[in-house]
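Inside the fold
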Amino acid sequence: MEVTYQSLKARQRSERSEYSENIGLRVHRALSWLHKAEQMEGDKDSQFIFYWIAFNAAYSNVIGDCYRYTEQDTFRNFIERLCQLDEQGRLADLVWNEFASSIRVLLNNKFVFQPFWDFHNHKKSEQEWEERFKAANSYANKALGGKNTSAVLSVIFSRLYTLRNQIIHGGATWNSSANRAQVRDAVTFLSKFIPFTIEIMMDNAQEFWGEASYPVVE
């Protein structure tokens, strides 16, 4: 059965009284942005933004000053934990069955590889970005060959993070033909990944997912 906002929201309404404040707030917020993303059918840029906010609502934590994780470190740790808790193998099925071919296309797309843009912004040489691209794809292919789901997902989200920065920071035109392929593929993937993420968190509501950023203050 397809996992959607409607099915997840119905479950959340029946279970939310049993949730701790932190998991309840994360799930509530993530569901609200998932709902908005699903409503924006036909506007891929908006869908991508709203799916990313839903992802952010799920993984973001209040982190102490002594831990200085980057945002990518934070969501990599989150993805690894999701994979460990995913007893039904939903994320593995997503990677190895449903999106296996499109993932390889994404990994070979230089336009979602940050060092490529660093080269064009004169921060890296052409040789540097090409060597980084080769090394990154070698790592990704080893993860693919070893069926390491969390490693592959971390690489995917590292690439999607470049697309996220490009769009959020005004480095792209709305509905631009220049980035349609990567935006379309990203939305197709996130439309499946985000509902599974929320579902896995709900399946493991007793786990501690960290203090939610920006708690509700009366």
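Everything below is about the structure shown above.
The rules we used
Residues numbered from 1 in each chain as written. Predicted model: local features only at pLDDT ≥ 70, side-chain atom pairs only at ≥ 80, totals over all residues. Heavy atoms only, no water. Salt bridge = Lys/Arg side-chain N within 4 Å of Asp/Glu carboxyl O. Helix = DSSP H or I, 4+ residues; strand = E, 2+ residues; numbered from the N terminus. Buried < 20%, exposed > 50% of the residue type's maximum accessible area, 1.4 Å probe, protein only. 1 Å grid on protein atoms, 1.4 Å probe; cavity = no way out; pocket = protein on both sides within 12 Å on 5 of 7 lines; lining within 4 Å. Points joined across faces, edges and corners; volume = space filled by probe spheres on them.

**So, the pattern of salt bridges**
One pass over the structure, following the stated rule, counts 12 salt bridges. Note that Arg11 and Glu15 form a salt bridge whose closest N and O atoms lie 2.9 Å from each other. On the criterion of helical spacing, the pair formed by Arg11 and Glu15 is a turn pair, its members being 4 residues apart in helix α1 (residues 5-15). Here Arg90 ties to Asp86 by a salt bridge, and the two come within 2.9 Å at their closest N and O atoms. Residue classification places Arg90 among the buried positions, given a relative accessible area of 9%. Judged by relative accessible area, Asp86 falls into the buried class, the value being 8%.

**Focus: the layout of surface pockets**
One way to see where empty space is left: roll a probe the size of a water molecule over the atoms. There is about 350 Å³ of room inside the largest pocket. Gln72, Arg76, Phe113, Arg132 and Ser158 are, among the 18 residues lining the largest pocket, the residues nearest its centre. Residue assignment for the lining of the largest pocket shows that the elements contributing at least two residues are α4 (71-85), α7 (114-120), α8 (126-145) and α9 (149-168). By residue number, the principal contributor to the lining of the largest pocket is α9, which donates 8 residues.

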